[in-house]
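One-letter residues, chain by chain:
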Protein chains: 2
Amino acid sequence: MRSVPLEDATAAARIREAAIVRFGRQGYERTSVREIAADAGVSPALVIHHFGSKEGLRTACDETLVRELMTEKAKTRAPAIAETMREWLDRPERFGAYIDYFATMLSEGSEGGNRLFDRLLRETATMLDEGVADGTMQPSADPEMRAIMITLNGLAPLLLRDQLVRVLGVPLSSPAAVQRMTLPILELYTHGLYADSRILDAVRAALEGESPTQAPTSPDSEGPA
Amino acid sequence: MRSVPLEDATAAARIREAAIVRFGRQGYERTSVREIAADAGVSPALVIHHFGSKEGLRTACDETLVRELMTEKAKTRAPAIAETMREWLDRPERFGAYIDYFATMLSEGSEGGNRLFDRLLRETATMLDEGVADGTMQPSADPEMRAIMITLNGLAPLLLRDQLVRVLGVPLSSPAAVQRMTLPILELYTHGLYADSRILDAVRAALEGESPTQAPTSPDSEGPA
DNA sequence: GGATCGACTGAACGTGCGTTTAGGATGATG
DNA sequence: CATCATCCTAAACGCACGTTCAGTCGATCC
């Protein structure tokens, strides 16, 4: 993937890689062009020369990541992003910066982050549909929403990786951490959490007893936009 | 909770509320003291006069939120934060700013965000332990990690609420959105996702067949920090 | 050999930031 | 009435930022 050592790469590539690391670790606003230039061993002016502006540099980083995550699908079957991300998680010492940058894209709401999220959601929905079709997965009363929620759940450890590292005590770079997350999630996705369906039944009954898209409470709207 | 209209509150309170709105909506770095001052109808100097610095203002906002979320527990039983947050979600026109600010705290990694996360995690773990004890919830091979993952899952819609709003088309302020999220999550937490336990069994067998905390792949460590 | 072009830099520019300073207005206190 | 503290502001300070500018260097082309 990255074939050339950073010192030998072109200056533009070095700048972009340094930016991915900094943006991913500290966020866009907290990172200065001067910092990135110093990391890449060039002058701040060269950053602007190559990318037009700091925002242009961010766009270039976004596109690098989108390409990296999206075009891997030639290798594998349908779930391109999910598969690539699993590879990344297995080799954090190499791709950790990309993971950080992806999480930053999502929480800072960049346009590339939106594209990746949409793609990830579509892949998830397809996977679920296929699973339901061939009987390996449970059907849902609201498949679209279920796909959204499962996608969100999958991204949560990425977005809250600092909290995860903090309460876990070990760096997320250790494969042990990723591994330990697997079993509880699989338990949840296999047997669920509740021992019986009383709560689900109660909610289902409540939802059927009223207008499907209307709130049950009285409309006491007020306040600003 | 907020008994006085903002125009009549003291200037310090007005500044703090304006800061919570701005910080929650745009993040700490993207918000200037001048913006907050303008929102509160005061001079930028007064912000510093009351809170010492921009960082001090952030701390004050953090503490306001922590207090608001933590001390509600007198009202209810054990799960204080979770209960309060559900109230907030039910009245977004009033507490939407708090929700946004809480999400910002978590993703920007403030110290108050850590405290709230720890508290939320502890509440979740307790709830799970009690559920397992009285038989309403499934046991887990790794209860601590399961509590973490379930806490992360619960926070995901908060952190990715922009994506959620985007793909859903409706503002998260509508109770319909919160309501529609409930059913798929309850389905998942009741019946799981997989129709049988083949994947779980396979992973369990794989995990038992090796050293419990060691990675299966060959150690090809390299690269920077 | 001169012209041309892209990569690249040092120095500077202008702007917006957080913060400081000096002081005005107001109300309580002797 | 004088004093004093509190709340508050206008103006400015210093700094770091993104960006611009003028020009150097080295390779390529005629």
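Details of the structure are given in the entry above.
Remember, predicted model here, so these are calculated numbers, not experimental data.

Overview of the environment of G41 of chain B
All names here are of chain B. Its location among the elements puts G41 in the loop between helix 2 (33-40) and helix 3 (44-51). A tally of 13 C-beta atoms within 10 Å means that G41 is categorised as partly exposed. For the pair G41 and L188, spaced 147 residues apart in sequence, the C-alpha separation works out to 48 Å.

Brief notes about the relation of the copies chain B and chain A
Mapping between the two chain copies consists of a rotation about an axis together with a translation along that axis. Turning chain B through 180 degrees and shifting it by 0.0 Å along the axis lays it on chain A, with an RMSD of 0.0 Å. What the rotation and shift describe, once combined, is the action of a two-fold rotation axis. By C-alpha distance to the rotation axis, the residue of chain B lying nearest is G192 of chain B, at 2.0 Å. In this assembly, 98% of the residues forming the interface of chain B have copies in chain A that are likewise at the interface, indicating an isologous arrangement.

Some thoughts on the protein's contact with DNA strand D
Near DNA strand D, the surroundings consist of 15 residues, among which S32, A45 and S53 of chain A together with A11 and A45 of chain B are the closest. Mapped onto the surface near DNA strand D, the elements with two or more residues apiece are helix 2 (33-40), helix 3 (44-51) and helix 4 (54-70) of chain A together with helix 3 of chain B. Its residues assigned to classes, the surface near DNA strand D comprises 8 nonpolar, 4 polar and 3 charged.

A closer look at the interface of chain B and chain A
The interface is formed by 63 residues belonging to chain B together with 63 residues belonging to chain A. At the level of elements, helix 6 (92-108), helix 7 (111-133), helix 8 (143-159), helix 9 (161-168), helix 10 (175-191) and helix 11 (198-208) of chain B are the ones that each hand at least two residues to the side of chain B that touches chain A. Among the elements that make up the side of chain B that touches chain A, the one with the highest residue count is helix 10 of chain B (15 residues). Per-class residue counts for the side of chain B that touches chain A are 33 nonpolar, 19 polar and 11 charged.

Thresholds applied
Residues numbered from 1 in each chain as written. Chains lettered and ligands numbered in written order. Predicted model: local features only at pLDDT ≥ 70, side-chain atom pairs only at ≥ 80, totals over all residues. Helix = DSSP H or I, 4+ residues; strand = E, 2+ residues; numbered from the N terminus. Buried ≥ 20, exposed ≤ 12 C-beta atoms within 10 Å, placed from the backbone. Least-squares fit on C-alpha atoms with pLDDT ≥ 70 in both. Contact = placed C-beta atoms within 7 Å. Near = placed C-beta within 6 Å. Nonpolar A, V, L, I, M, F, W, Y, C, P; charged D, E, K, R; others polar.

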